Amino acid sequence: QVQHVESGGGLVQPGGSLRLSCAASGSILSMYYMGWYRQAPGKQRELVARITSGGITNYADSVKGRFTISRDNAKNTVLLQMNSLKPEDTAVYYCNAEYSDYRGRYLEVWGQGTLVTVSS
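All values derive from a computational prediction rather than experimental measurement.

Cut-off values and rules
- Residues numbered from 1 in each chain as written.
- Predicted model: local features only at pLDDT ≥ 70, side-chain atom pairs only at ≥ 80, totals over all residues.
- Heavy atoms only, no water.
- Salt bridge = Lys/Arg side-chain N within 4 Å of Asp/Glu carboxyl O.
- Buried < 20%, exposed > 50% of the residue type's maximum accessible area, 1.4 Å probe, protein only.
- Pairing = 2+ DSSP bridges.
- Helix = DSSP H or I, 4+ residues; strand = E, 2+ residues; numbered from the N terminus.
- pLDDT = per-residue confidence, 0-100.

Chemist: What am I meant to see in the pattern of salt bridges here?
Modeler: One side chain can pair with another of opposite charge once the charged atoms of both are near each other. Scanning the entire structure with this criterion turns up 6 salt bridges. In this structure, the salt-bridge partner of Arg38 is Glu46, at a minimum N-O distance of 2.8 Å. Classification of Arg38 by relative accessible area gives buried; the value is 6%. For Glu46, a relative accessible area of 36% corresponds to the partly exposed category. The shortest N-O distance in the salt bridge between Arg50 and Glu98 comes to 3.3 Å.

Following this line, the structure appears as structure tokens:
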């Protein structure tokens, strides 16, 4: 069983920065994708950014140039550096990971979510 520990959410003014961190632990044989999704009130959950074990990234168009995703494969940790934050970035941010375990299963796990509020 794999668990995520997320941190870094909070309240920030427009134009400010936050960094989200997520550490996965448990029965992980290989970690494939790690990423961040978000869900704003009344909206569907959407992809923010995702990164492969080889460092290939993809971003939502709305965050390109402002957000940067990175990971530490040895620690199964993924970071999301968010700069130039806008009120429309307000949402609950969820860490996501796709991995294989020692039973040979391909699994997906979600974090509990961390709230990011961008407001003056």
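Now that the structure has been shown, we can carry on.
Chemist: Explain the pairing of strand 4 (residues 30–39) to me, please; I cannot follow it from the model alone.
Modeler: Along a regular strand, successive side chains alternate from one face of the sheet to the other. Of the strand pairs in this sheet, strand 4 and strand 9 (residues 91–100) are connected by 8 bridges, and their pairing is antiparallel. Pairing of Ser30 across the sheet is with Ser100, part of strand 9. As judged from the 5 bridges shared by strand 4 and strand 5 (residues 46–51), these two strands associate in the antiparallel manner. Looking at the pairing, Trp36 lines up with Ala49 of strand 5. Hairpin connection of strand 4 to strand 5: 6 residues between the antiparallel strands, including Gly42 at a positive phi of 75°.

Chemist: What am I meant to see in the confidence of the model for the chain here?
Modeler: Low pLDDT means the predicted atomic positions in that stretch should not be read closely. This prediction gives the chain a mean pLDDT of 94; 100% of its residues lie at or above 70. At the low end of the mean pLDDT range in the chain sits strand 1 (residues 2–7), at 85; at the high end sits strand 5, at 98.

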